[in-house]
Amino acid sequence: MSDGEVAPAIFANYTHGRSYDEMFEKADKHRPHYDGIHHRLCSLPLEQWRERQHAADLAFVTHGITFTVYGRSEGVERIFPFDLLPRLVTAAEWHVVERGLTQRITALNHFLHDVYHDGRIFAAGIVPRRLVRECRHFRREMIGVSVPHDSYLTVVGTDLVRGPDGRFVVLEDNLRVPSGVSYMLGNRQVVKQVYPQLFERYHVRPIDHYPRMLLAHLREIAPAGCVDPKIVLLTPGVFNSAYYEHTFLAHEMAIDLVEGRDLLVHDNTVYARTTAGLERVDVIYRRVDDDYLDPLTFESKSTLGVAGLFNAYRAGHVTIANAVGTGVADDKAVYAYVPAMIRFYLSEDPILDNVQTYLLDNPADRAYVLDHLAELVVKPVGESGGYGMLVGPHSTAQQRSEMRDCILANPRNYIAQPTIALSTAPCLVDDGVEPRHVDLRPYVLCGRSITVVPGGLTRVALQRGSLVVNSSQGGGSKDTWVLGD
Amino acid sequence: MLSRVADSLYWMRRYVERADQIARVVRVNMDLAFDRAPLEVVQLWGRLLSGLWSAPAWAQVTRESPTDALSDLTNIDAVASCVAAARENARQIRQHITGEMWDRLNGVHLALNDPARRAEWAQRPHGFFQTVREAAALFDAAIADGLARDEAWHFLQLGQFLERSASTARLLECQLRAPVPANESDRLLDEQLEWICLLRACDALELYRRRHRTELRPDHIVRFLIADQLSPRSIRYGFDRITETLAALAEAVPAQPAIVVGSALTDAVRVLEARDGPAVEAVCAIQGECDRIHRMLRATYIDHQQTVAPVANEGAAWITR
């Protein structure tokens, strides 16, 4: 479609707001890299799009690619809603993301080592020591503990959003047990399966090697002197929301998927219970939070972990990835200091910016936020998955008043950010194509080197106008295509 | 292999076998029920299902709504819950089974919980039995063609044949304990029907006919179900597979002591051939041996205790996880 031509019926309800739109530059002009997709949308009847969308949904059900929703009836399995239209990122845009993430994660890794060792950044007055010590995910037990190659972060899923100017900014860092990578891979498989022709005009960078890359990075961080490490994936079990992902990754890496009850610690060494007896374990890719890893050190009532695991870890007999205590660096209040960390540790300017963040234990910030609750997004600092947050413009007076009470009761527990008009991408809806808000979670693997996987999970707020993309809050996802040069 | 994985493989296969077995027993009895007076039907259900279902569950089965007890997911003994249990085990070990195996189990699980299908089956129950039968057969085929004959396969074999041998022995026991009707002419006809029923419940009627032509004699049927070497539905066939598999498993996992199958089956065969003592006791002893092998398996490969004393079969409690 060239300028001035009448938009086809499929776009009849496509509204253009102040958000950056991934496909349309202006109401009547699409971005050049969306040529192929746009052409398909104009030429294939809506009915056939629906059929393909249906085939895609069916593929997720029959493959059992599900997640579990908490808080409703126990253990409801659902498919993660999927939108067939891929989200495109150009090679030039990706280049910035890749460099920016590498820089950011390098700095965060330095920060973690510093927090648990010398505390140089505190001494320099860049980050308040108190802020870190008060963080719920700070692990006193990790002070002075060495991890192989000083590598704290093995898998990172950083949430990026695009503001109205089209630039990617970092919304949050997920440094504990980020999930969703199986959907990134599953989405690609399903698009290939139900609509291979979509790829025709594109050079899409592959992501299928993710499990192999992850395994390679896990091998790199095995305890010193370990030649052929035994690597396992530790899952909380079948009721965890990401259980499908755990089975998928273990299968793809051909490693054992273990639960806490499959492991035991003897003489500071971790063993798996196998049919042949006990087998030594060297690296644990854990998908269990710190709190539940070891009932002797952390949450004593936990049945998910392994008694004595932390001692074996501290003795250097087993590697746990991500390292224990990384949550201190993805605390949403600590997040505000990441640009300063980049300058401090790397003497570089940040390539990817943060979203402006108000720290609510700062009296001036707090006063401003309490006056402007209806415009801001307020988040608890230690939560993930969109639980417990307030989206000001979409909130009721009662929700705001409750949030005000929460903030006043425990200001350190909250941060506030301006409501960002997340970018929109075209999505198939009942009677055509409409814009929906999206974010982007690329996955980064670290060991001795850093690998940014060219792609990621594009999460979609499926409700018209909604800004909440979390799967636990009714969001969906799309395949993400990073285009080659 | 992780002990928990071995355990799940074993239980997954047992539950599929059990779902198939229950569906078959119920189907046979529904057919037979149409030839009987309602009171007798309830007795018949009670007898043939008492080994498979707990008493309260079968007591609710009536001629009017025979499928209710089946399609009720909350009834832990019903087919759907066996399939759900098999699928739940499969879900925990998806990396160790093939996609095909998962698809079969997941497919039948979704079908059994689909309201439209349930409504249809309430009218035409045979569709239900057909669905279960086909899913079990395709699941078997997926195992047979999709898996290497390694440790995982051994645990699947053991699950299948321990479940099958135990349930055949149990059905036999129920039939052998059945009261004999007082009326002589009824007796012959009823007996014929019930023994045919037993063979069909064990999926062995056609096998029996080919081996014994038309002659339908209770003593032949008992011997056939226990001792026939060539029919895959006989207990001996099952025990031969169990014996082979235990040996193969001992070879695959040399660190653990081998489990040796006891003499219950050979004792039973001797009793039958010499007509020396009641068959029902021999059949009970076979069930006891299945139970002992099950416990040894757990102790050796799953729980890592070295020995477990053999236990007598008391009251034949149905083994569930």
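Quick note: structure is the one above.
Our subject in this report is the structure included herewith. (Residues numbered from 1 in each chain as written. Chains lettered and ligands numbered in written order. Predicted model: local features only at pLDDT ≥ 70, side-chain atom pairs only at ≥ 80, totals over all residues. Heavy atoms only, no water.)

A few points about the overall build of chain A
Applicable threshold: Put simply, DSSP H or I for four residues or longer makes a helix, DSSP E for two residues or longer makes a strand, and each gets a number counted from the N terminus. Radius of gyration means the value over C-alpha atoms here, while the globule rule gives 2.2 Å times the residue count to the 0.38 power. The rule is simple: take the accessible area with a 1.4 Å probe, protein chains only, and divide by the maximum for that residue type; under 20% is buried, over 50% is exposed, in between is partly exposed. In this description, accessible areas are obtained by the Shrake-Rupley approach with a 1.4 Å probe, and a residue is regarded as covered only by the protein chains that are shown. Positive charges come from Lys and Arg alone, negative charges from Asp and Glu alone, with His and the N- and C-terminal ends not counted. By convention, charge coordinates are those of NZ in Lys, CZ in Arg, CG in Asp, or CD in Glu.
Within chain A, the regular secondary structure consists of 12 helices and 25 strands. Taken over the C-alpha trace, chain A has a radius of gyration of 23 Å; the compact-globule value for 485 residues is 23 Å, and the two agree within 12%. Across the 485 residues of chain A, 59% fall into the buried class. For chain A, the accessible surface area stands at approximately 19,100 Å², while carbon and sulfur atoms represent 49% of it. Counting 49 positive and 59 negative side-chain charges, chain A places the averaged centre of each group 2 Å from the other.

What to know about the packing of helix H9 (residues 151–176) of chain B against helix H15 (residues 279–302) of chain B
All names here are of chain B. Defined as follows: To obtain an axis, a line is fitted to C-alpha atoms, over the contacting stretch when the element is a helix, and the angle between two such axes runs from 0 to 180 degrees between their N-to-C directions. We call two directions roughly parallel when the angle between them is under 35 degrees, roughly antiparallel when it is over 145, roughly perpendicular when it lies between 65 and 115, and oblique otherwise. In this scheme the handedness of a crossing depends on how the near helix is turned from the far one: anticlockwise by less than a right angle means left-handed, clockwise means right-handed. Here, two residues are considered to be in contact whenever any of their heavy atoms come within 4.5 Å of each other. Side-chain classes follow a simple rule in which Ala, Val, Leu, Ile, Met, Phe, Trp, Tyr, Cys and Pro form the nonpolar group, Asp, Glu, Lys and Arg form the charged group, and the remainder, Gly included, forms the polar group.
For the pair H9 and H15, interaxial distance at closest approach is 9 Å and the crossing angle is 155°. The orientation of H9 with respect to H15, classified from their angle, is roughly antiparallel. Once H9 is placed against H15, the crossing between them reads as left-handed. Seen from H9, the contacting residues are Phe155, Leu158, Leu162, Ser165, Ala166, Ala169, Arg170, Leu172, Glu173 and Leu176; seen from H15, they are Ala279, Val280, Val283, Cys284, Ile286, Gln287, Cys290, Ile293, His294, Leu297 and Tyr301. Across the contact of H9 with H15, the residue classes break down as 16 nonpolar, three polar and two charged.

Overview of the state of the cysteines
The condition that has to hold: Whenever a pair of cysteine sulfur atoms sits within 2.5 Å, that pair is classed as a disulfide.
According to the stated counting rule, one finds zero disulfides over all chains in the structure shown. In this structure A:Cys42 is not part of a disulfide, and its nearest cysteine sulfur, from A:Cys427, lies 16 Å away.

Details of the interface of chain B and chain A
Quick reminder of the rule: One speaks of a salt bridge when a side-chain nitrogen belonging to Lys or Arg is within 4 Å of a carboxyl oxygen belonging to Asp or Glu. As used in this structure description, the phrase polar contact means that two N or O atoms lie within 3.5 Å; if the pair is within protein, one of them must be able to donate a hydrogen and the other to accept it, and residues adjacent in sequence are counted only when both atoms belong to side chains.
Taken together, the contact between chain B and chain A spans 24 residues of the former and 24 residues of the latter. The tally of links between chain B and chain A comes to two salt bridges. Residue B:Arg4 pairs with A:Asp262 through a salt bridge whose shortest N-O separation is 2.5 Å. Taken together, chain B and chain A are joined by 15 residue pairs in polar contact (both at pLDDT 80 or more). Partitioning the side of chain B that touches chain A into residue classes produces nine nonpolar, eight polar and seven charged.

A closer look at the sheet that holds strand S23 (residues 450–452) of chain A
All names here are of chain A. Applicable threshold: When DSSP locates at least two bridges between a pair of strands, those strands are taken to pair.
Strand order across the open sheet formed by five strands is S15-S7-S6-S22-S23, with mixed pairing between neighbours. A strand with exactly one partner marks an edge of an open sheet, and here the two such strands are strand S15 (353–354) and S23. One ladder, built from three bridges, connects strand S22 (residues 443–446) with S23; its direction is antiparallel. Bridge pairing links leucine 445 to threonine 451 in S23. Across the sheet, helix H3 (residues 91–116) lies against strand S6 (155–162), strand S7 (168–174), S15, S22 and S23, angled at about 145° from S23, the strand it touches most.

Details of the nonpolar core
Test applied: Nonpolar core, defined: a set of buried Ala, Val, Leu, Ile, Met, Phe, Trp, Tyr and Cys residues in which side-chain atoms within 4.5 Å join the residues together.
Of all hydrophobic cores here, the largest spans 165 residues; its most connected members are A:Phe111, B:Met12, B:Ile226 and B:Leu297. It is helix H1 (residues 3–33) of chain B that contributes the most residues to this core, 14 residues altogether. Apart from residues lying up to four places away in sequence, B:Ile226 is in contact with B:Leu172, B:Ser234, B:Ile235, B:Arg236, B:Leu265, B:Ala268, B:Val269, B:Leu272, B:Val283 and B:Ile286. One finds A:Ala59, A:Leu85, A:Ala222 and A:Leu483 within the second-largest nonpolar core, a separate group that totals 60 residues.

Quick look at the pairing of S7(A)
Residues and elements named next belong to chain A. The buried count for S7 comes to seven of seven residues, which makes it a mostly enclosed element. Of the strand pairs in this sheet, S6 and S7 are connected by six bridges, and their pairing is antiparallel. When the bridges of S7 are listed, glycine 157 appears paired with asparagine 174. Sheet topology places S7 next to S15; two bridges connect them, and they run parallel. By the bridge assignment, valine 170 is partnered in S15 with asparagine 354.

Section: the packing of helix H7 (residues 210–220) of chain A against helix H8 (residues 243–253) of chain A
Residue and element names in this part refer to chain A. With their axes 9 Å apart at the nearest point, H7 and H8 run at an angle of 75° to one another. The orientation of H7 relative to H8 falls into the category roughly perpendicular. From H7, Tyr210, Pro211, Leu214, Leu215 and Leu218 reach across to H8, where they touch Leu249, Glu252 and Met253. Counted by class, the contact of H7 with H8 contains seven nonpolar, no polar and one charged residues.

Description of unusual backbone geometry
Residues and elements named next belong to chain A. Cis peptide bonds are those with omega within 30 degrees of zero, and the linkage from alanine 321 to asparagine 322 qualifies with -10°. Looking at the element boundaries, asparagine 322 is found in the loop between strand S14 (319–321) and helix H10 (338–346). Its identity as a non-glycine residue notwithstanding, aspartate 150 has a phi of 50°, on the positive side. Within the element layout of this structure, aspartate 150 appears in the loop between helix H5 (129–133) and S6. One non-glycine residue, serine 347, adopts positive backbone phi at about 50°. Structurally, the position occupied by serine 347 is in the loop between H10 and S15.

A closer look at helix H14 (residues 264–274) of chain B
Residue and element names in this part refer to chain B. The condition is simple: What the arc describes is the spread of directions from the helix axis to the C-beta atoms.
Inspection of H14 places Ala264, Leu265, Ala268, Val269, Val271 and Leu272 among the buried residues, and these make up the whole buried set. Within H14, the buried residues cover an arc of 160° as seen down the axis, which keeps them to one side. The exposed residues of H14 that point more than 90 degrees off its buried face are Thr266, Arg270, Glu273 and Ala274. Residues of H14 that are buried in the fold lie against helix H12 (218–227), helix H13 (235–252) and H15.

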